[in-house]
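# Secondary and tertiary structure notes
Next come the chains, spelled out residue by residue.
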Amino acid sequence: EVQLVESGGGLVQPGGSLRLSCAASSGFTFSTYAMSWVRQAPGKGLEWVSSINSGGSSTYYRDSVKGRFTISRDKAKSTLYLQMNSLKPEDTAVYYCAKYTASRTVGTYDYWGQGTQVTVSS
């Protein structure tokens, strides 16, 4: 069974940092698939944040988080990360990790985690 479990969210002041984790179950070969972080702010739709290919050699970010967020993955731990620095109130959202159906960051997602809440507020 494929499971993605996010953690690491919380309340942080503007300018602060958080590291999100997404632990993948043994139900699939984590290193074979590209992954993404997607967020949903209160009252808004889903918004793509960042993606990484299966090998970790290619990463992509939405413009509003470039230079502040870093996506990475650990093959041995089957875990995806999102390091978030210089957080802003507009980063407040539920953050989801999602699995692509392929090794490249193209196509669709077939599995999602349950989400972790990030709140940036003073």
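You'll find the structure just up there.
Summarised in this report is the structure supplied together with it.

Analysis parameters
Residues numbered from 1 in each chain as written. Predicted model: local features only at pLDDT ≥ 70, side-chain atom pairs only at ≥ 80, totals over all residues. Heavy atoms only, no water. Disulfide = S-S within 2.5 Å. Helix = DSSP H or I, 4+ residues; strand = E, 2+ residues; numbered from the N terminus. Buried < 20%, exposed > 50% of the residue type's maximum accessible area, 1.4 Å probe, protein only. Salt bridge = Lys/Arg side-chain N within 4 Å of Asp/Glu carboxyl O. Phe/Tyr/Trp six-rings, centres within 6.5 Å; stacked < 30°, edge-to-face > 60°. Lys NZ or Arg CZ within 6 Å of the ring centre and 35° of its normal. Pairing = 2+ DSSP bridges. Axes fitted to C-alpha atoms, helices over the stretch in contact; angles between N-to-C directions.

## Structural notes on the state of the cysteines
- A full pass over the atoms with the stated rule returns one disulfide.
- For Cys 22, the disulfide goes to Cys 97, at an S-S distance of 2.0 Å. What sets the handedness of the Cys 22 and Cys 97 disulfide is the S-S torsion sign, and at about 55° it is right-handed. With Cys 22 in strand S3 (residues 18-24) and Cys 97 in strand S9 (residues 93-100), this residue pair connects regions lying 75 residues apart in the sequence. Of the two residues, Cys 22 and Cys 97, both sit in the buried class.

## What about the pattern of salt bridges?
- Scanning the entire structure with this criterion turns up six salt bridges.
- As a salt-bridge pair, Glu 47 and Arg 62 come within 3.5 Å of each other at their nearest N and O atoms. With Glu 47 in strand S5 (residues 46-52) and Arg 62 in the loop between strand S6 (59-61) and strand S7 (69-74), this residue pair connects regions lying 15 residues apart in the sequence.
- The exposure class of Glu 47 is partly exposed, given its relative accessible area of 27%.
- The partner of Asp 63 in a salt bridge is Lys 66, with the nearest N and O atoms 3.1 Å apart.
- What emerges from the salt-bridge pattern is a single network uniting Arg 39, Glu 47, Arg 62, Arg 68 and Asp 91.

## Considerations on the packing of aromatic side chains
- On inspection of all chains with the given rule, the structure shows five aromatic pairs.
- Each ring, one from Tyr 100 and one from Tyr 109, has its centre 4.6 Å from the other, and the planes form 55°; the classification is tilted.
- According to the relative accessible area criterion, Tyr 100 is buried, its value standing at 6%.
- With relative accessibility at 25%, the residue Tyr 109 sits in the partly exposed group.
- Ring geometry for Tyr 109 versus Trp 112: centroids 5.3 Å apart, planes at 75°, classification edge-to-face.
- Put simply, the rings of Tyr 96, Tyr 100, Tyr 109 and Trp 112 touch in pairs and so form one group of aromatic residues.
- Over the ring of Phe 30 we find Arg 73; its NZ or CZ atom is 4.3 Å from the centre of that ring.

## Re the sheet that holds strand S8 (residues 79-84)
- The sheet built from four strands is open, its strands ordered S1-S3-S8-S7 with antiparallel pairing. Across the chains shown, the open sheet's two edge strands, defined by having one partner strand only, are strand S1 (4-7) and S7. Sheet twist, expressed as the average angle between the axes of neighbouring strands with direction ignored, equals 15°.
- Examined bridge by bridge, S7 and S8 share six bridges and lie antiparallel to one another. Looking at the pairing, Ser 72 lines up with Tyr 81 of S8.

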